[in-house]
Amino acid sequence: MTVTDIALTTLDGRQTSLADYADRAVLVVNVASKCGLTPQYSALERLARDYAERGLTVIGVPCNQFMGQEPGTAEEIQTFCSTNYGVTFPLMAKTEVNGPDRHPLYAELTKTPDAAGEAGDVQWNFEKFLIAPGGAVVRRFRPRTEPDAPELVEAIEAVLPR
């Protein structure tokens, strides 16, 4: 099984999977509205817009597992993201990324080591996983890595399909 085979639910309740993006590079990010890292939404939106035509999709995955920093309903999350950060990239339903109820997507993603060689649990909100076209998870970036950090941008450019 690859990550593209795993069923997902969008923030508005539609069923999807990463197979819908199989011909694109995908940056999956667990997000939260009330976190010190929440301003990363701005740079994520810039990435999504700047690289959309070259084959990148950013996907936000709201998570309330880190000090309850994503307490809102689906509607509240959508409104917050669009109003405060102009988010246009896809947002999934609120998801558990760690623990016994970890979503199958994150069960696969967290097998990928970071730059220090460490795999395992997501550390905090705004951890990023880069998936190449075809579904291979190629890089993991910890939460404090800004979306416009050179190492993240270089990794994205290395896997863009066009």
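Residues numbered from 1 in each chain as written. Predicted model: local features only at pLDDT ≥ 70, side-chain atom pairs only at ≥ 80, totals over all residues. Heavy atoms only, no water.

- Per an unreviewed UniProt entry, the chain is named Glutathione peroxidase, and its organism is Mycobacterium servetii.

1. Some words on unusual backbone geometry
Then, number 1: Backbone geometry places Met67, a non-glycine residue, at a positive phi of 55°.
Then, number 2: Along the polypeptide, Met67 turns up in the loop between strand 4 (56-62) and helix 2 (74-85).
Then, number 3: Positive phi outside glycine occurs at Phe126, with the angle close to 75°.
Then, number 4: Within the fold, Phe126 resides in the loop between helix 3 (104-109) and strand 5 (128-131). (Helix = DSSP H or I, 4+ residues; strand = E, 2+ residues; numbered from the N terminus.)

2. Observations concerning the side chain of Lys128
Then, number 1: Mapping Lys128 onto the fold places it in strand 5.
Then, number 2: Reaching out from Lys128, the side chain makes a polar contact with the backbone oxygen of Pro143 at a distance of 3.3 Å. (Polar contact = N/O pair within 3.5 Å; in protein donor to acceptor, adjacent residues only side chain to side chain.)

3. Quick notes on the sheet that holds strand 6 (residues 137-141)
Then, number 1: Here 4 strands make up an open sheet; going across it, the order is 4-3-5-6 and the pairing mixed. The sheet is open, and its two borders are formed by strand 4 and strand 6, each paired with just one other strand. Between one strand and the next, the sheet's axes are offset by a mean angle of 20°, whatever the strand orientation.
Then, number 2: Pairing of strand 3 (residues 25-31) with strand 4, which is carried by 7 bridges, proceeds in the parallel orientation. Opposite Leu27, over in strand 4, you have Val58 as the bridge partner.
Then, number 3: Along the sheet face, helix 4 (residues 150-159) touches strand 3, strand 4, strand 5 and strand 6 and points at about 170° away from the line of strand 6. (Pairing = 2+ DSSP bridges. Axes fitted to C-alpha atoms, helices over the stretch in contact; angles between N-to-C directions. Contact = heavy atoms within 4.5 Å.)

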